[in-house]
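# Tertiary structure, described
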Amino acid sequence: MSFKLSNLVQRLQNLVKRVYCRSPKVSKWRSLILFILLFVISLSVPLVAHQVSASTVIVQTQQNPLQLVEQAKKLYTTGQFEQAALVWQQTAEAFAAQGDNLNQAMALSNLSLTQQQLGKWEEAKQAIATSLKVLETQEKTPAQRRIQAQTFDIQGQLQLGVGRSQAALKTWQQAADIYKNIANKQGLIQNQINQAQAMQELGLYRRAGETLLAALELEHQNLIISKQQLQSLTAKLSKTGKLASLQVLGLRSLGDVLRVIGNREQSQLVLAASVKLAQQLGDTQNLAASYLSLGNTALSLGNQKVQTETIPTPITFTSSQDCIARANNTAAELYQQATACYHQAELSTDANTSTKAELNLLSLLIQTQQWSDISTLLAKIQPQLNKLPISHKAIYAQINLAQNLICLKSAVNPEASQLSSPLLQQCGATQEKTPNTGGNTLQPALIPAWEDVAKIVTIARNQAQALQDKSAEAYALGYLGGVNQEIGEIPNAQRLTEQALQLVSAFDAPHIAYRWQWQLGRLRRIQENQQGAIAAYTAAVETLKSLRKDLTVINPEVQYTFRDSVAPVYREFVDLLLQTNNSHQTNLKQARDAIEALQLAELDDYFRDACIQAKPQQIDQVVDQATPAAAVLYTITLPDRLEIILKLPGQENLEHYTTTVTQKQLKDNLTQLIERLNDKTRFAYEIQELSQQTYDWLIKPVQSKLVNSKVKSLVFVLDGILRNIPMAVLYDQASQKYLVQKYALVLTPGLQLISPRPLADVSLNAI
């Protein structure tokens, strides 16, 4: 079939040459027939795609420049971009000299695409702008519209490459309208995949998922698809050639979306289907990228599993593990699968894919403390990064390396202060639960200096400035602030952090802003500027509230965990408020509101969606209206103490109490209490020993207030491990009564979640 097709192409090329040799002024209709026919045949050219964005070299050929077009295509598809750019430039000039404006526009668009691969963004912008200007002067024929849509696709990739995700999405939407009007299904599918990439960059993950499922023509319920649907799709697509390569890209992008929104098992199924289809098609570039995505999902599943394992599984990596694992029952097996996938992705001919695989593998090796493998990998990564053309992805790859080096330092010296940079929080997800069992140690020469990390981030900042990529520059500035904080250059750290926030204020990027507001709060605490710190933390909490269901966009390049990336902001804010002036009502109310907001954010994170959209209503207001004799206790556990805020019935002012008990002491006591409650052989006095201690910490400080206010009911808004025990079992040694014998008890995660309504008064008839 390929032999017959090549013969047909050759015959058509010869026909074009004969036509133009006979008459340079060939009739318009005859020229157009050849124009369209050659374009249709060109669709058999393999897809040129980088990362998730899909871009195809436009082919629209006539007359003598035909050989130049074929030469440029060959150079482009073999990665010889410098030579390809020169030939595309010659091709555009040749078509312009003949007055063939449509093909001139085609060549200019491909020139822009080629220059993007070289990181020559200004030249790429100029070429695409000229192409669009030429196209605007042409009659709106189907061929003109097709080239215009493809040119918009290339322009969108350019905009995404320099960090202008919103502009890219808008441009691709323009292209989609054209594809629909000219009924170009393949172009529309490719365009939808591109749109989904821009949506992910903007944090619109669910919208991206819906767009990808529409492109794949898969029905779904809340982004859930069945294994049978995937099997049917891959069986059908394995016979559709070029369209199937697009679908591999779509499946991979969908797998990435599903992982980020928390559907990890679905992500694994989808990505396995993507790998299988890429193998059937012999699509090596998409296969490597699918391995990278599958490795990321295996790592995410491993991190989830390690949090639930009571006894950590020893982790040793071997080279025999298959990337497509049959069964993964432990975190160690999932980490092994991720490693195998990353090794497969490292073989990619695409530098961005191979470099990202190495960076993610480095992160996993640091997390699992596989020190002996790190030195070899580090030696490979930096030269790879230096070879990457400047782009949005290359900048974030530099920041990713900086974050890995920060985590390497943290692994060696895990005793980070609460006032260290929040950058160190990214390293705490699973390190303490994935012990090194290989017996190797980290060589001192491998431990980077903070100055080395600063140099890497400075490179990222300079590249962002060169691209005018404001979001990447703000990210890099904040990282520089964090590194200066660790070095001890506090004034410089504050200046850089404030510069990052000033830059963020010019565009909508709450996922960047909250991080540096948090960092600024810590810096001001170090300088004992309490009011300034409260202002910074207040801004961070308000920013997090605005994010709600988009919390997963906080840092797509680093493994996101709510526990380490979000919850500390709220806890540190409450800590600060209650340390500064523990009797000031404004502070107490702010602390109460922060506790409520944390509870809501935890639910959002658990469901991976802002599932509760009710109008907020304070619990103490509800209690005063519904149960006048009830008191409300808000608790929050801090590293060195337990804080209690009490709302008594009929009183506007809040009460505040502090119990001096460390988080570890509280956890040990409650863990033993839970074990004894679940052990049916235990005697009552054995349970009372522990539950009495909890009573003394939680209830005894407020006991006299409860008695004086004639409280009959207690409403608890509990924090952390306190939620795991029944409040009824707390024992008062003095009265020899359990708490449930003294009060009616209510547990609530916080009535900011729903607007409470009484049950309808319905008469019940007995049978």
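Since this is a predicted model, take the numbers as computed values, not measurements.

Judged by how many residues are buried, strand β5 (residues 655-659) sits mostly within the fold: 4 of 5 residues are covered. The sheet contact formed by strand β4 (residues 641-647) and β5 spans 5 bridges and is antiparallel. The partner of Glu643 across the bridge, within β5, is Thr658.

Attention shifts here to the state of the cysteines. Scanning the entire structure with this criterion turns up 1 disulfide. Note on cysteine connectivity: Cys323 is disulfide-linked to Cys341, with sulfurs 1.9 Å apart. Judged by the sign of its S-S torsion, about 95 degrees, the bond between Cys323 and Cys341 is right-handed. A residue pair is termed long-range when its members are at least 10 positions apart, and Cys323 in the loop between α14 (284-308) and α15 (331-345) and Cys341 in helix α15 qualify at 18 residues.

For the rest of this paragraph, the subject is the sheet that holds strand β6 (residues 713-717). Spatially, β5-β4-β3-β6-β9 is the arrangement adopted by the 5 strands of the open sheet, whose pairing is mixed. The open sheet has two edge strands with one neighbour each: β5 and β9 (744-747). Neighbour to neighbour, the strand axes of the sheet diverge by 20 degrees on average, direction disregarded. Two strands pair when backbone bridges link them, and β6 and β9 are joined in this way by 4 bridges, in the parallel orientation.

A separate point is helix α29 (residues 684-698). The end-to-end C-alpha separation of α29 is 20 Å, in line with the 21 Å expected for 15 residues at 1.5 Å each. Along α29, the sharpest kink reaches roughly 25 degrees, centred on Leu690. Listing the buried residues of α29 in full gives Glu686, Ile687, Gln688, Leu690, Ser691, Thr694, Tyr695, Trp697 and Leu698.

Okay, the packing of helix α4 (residues 81-97) against helix α5 (residues 101-117) next. Relative orientation of the contacting elements α4 and α5 amounts to 165 degrees, with a least axis distance of 8 Å. Looking at the two axes, α4 sits roughly antiparallel to α5. Both α4 and α5 take part in a crossing whose hand is left-handed. When α4 is examined against α5, the residues Phe81, Ala84, Ala85, Trp88, Gln89, Thr91, Ala92, Phe95 and Ala96 are found in contact with a partner set consisting of Asn103, Gln104, Met106, Ala107, Leu108, Asn110, Leu111, Thr114 and Gln117. Partitioned by chemical class, the residues of the contact of α4 with α5 number 11 nonpolar, 7 polar and no charged.

Attention shifts here to the packing of aromatic side chains. Overall, the coordinates contain 9 aromatic pairs when judged by the stated rule. Measuring from ring centre to ring centre gives 5.3 Å for Tyr76 and Phe81, while their planes differ by 70 degrees; the resulting arrangement is edge-to-face. The buried category is assigned to Tyr76, whose relative accessible area is 2%. Measuring from centroid to centroid gives 6.1 Å for Tyr475 and Trp516, while their planes differ by 70 degrees, and the two rings are edge-to-face. Here Trp516 lies in helix α22 (residues 510-526) and Tyr475 lies in helix α20 (residues 470-487), a separation of 41 residues in the sequence. The burial state of Tyr475 is the same as that of Trp516; both residues are buried. Members of the aromatic cluster, connected to one another through ring pairs, are Tyr396, Tyr475, Tyr479 and Trp516. The aromatic ring of Trp516 is capped on one face by Arg515, whose charged end is 5.7 Å from the ring centroid.

The rules behind the values
Residues numbered from 1 in each chain as written. Predicted model: local features only at pLDDT ≥ 70, side-chain atom pairs only at ≥ 80, totals over all residues. Heavy atoms only, no water. Buried < 20%, exposed > 50% of the residue type's maximum accessible area, 1.4 Å probe, protein only. Helix = DSSP H or I, 4+ residues; strand = E, 2+ residues; numbered from the N terminus. Pairing = 2+ DSSP bridges. Disulfide = S-S within 2.5 Å. Axes fitted to C-alpha atoms, helices over the stretch in contact; angles between N-to-C directions. Expected span 1.5 Å × (residues − 1). Bend = angle between axes of the 7 residues up to and from the residue. Parallel < 35°, antiparallel > 145°, perpendicular 65-115°, else oblique. Left-handed = near helix turned anticlockwise from the far one by under 90°. Contact = heavy atoms within 4.5 Å. Nonpolar A, V, L, I, M, F, W, Y, C, P; charged D, E, K, R; others polar. Phe/Tyr/Trp six-rings, centres within 6.5 Å; stacked < 30°, edge-to-face > 60°. Lys NZ or Arg CZ within 6 Å of the ring centre and 35° of its normal.

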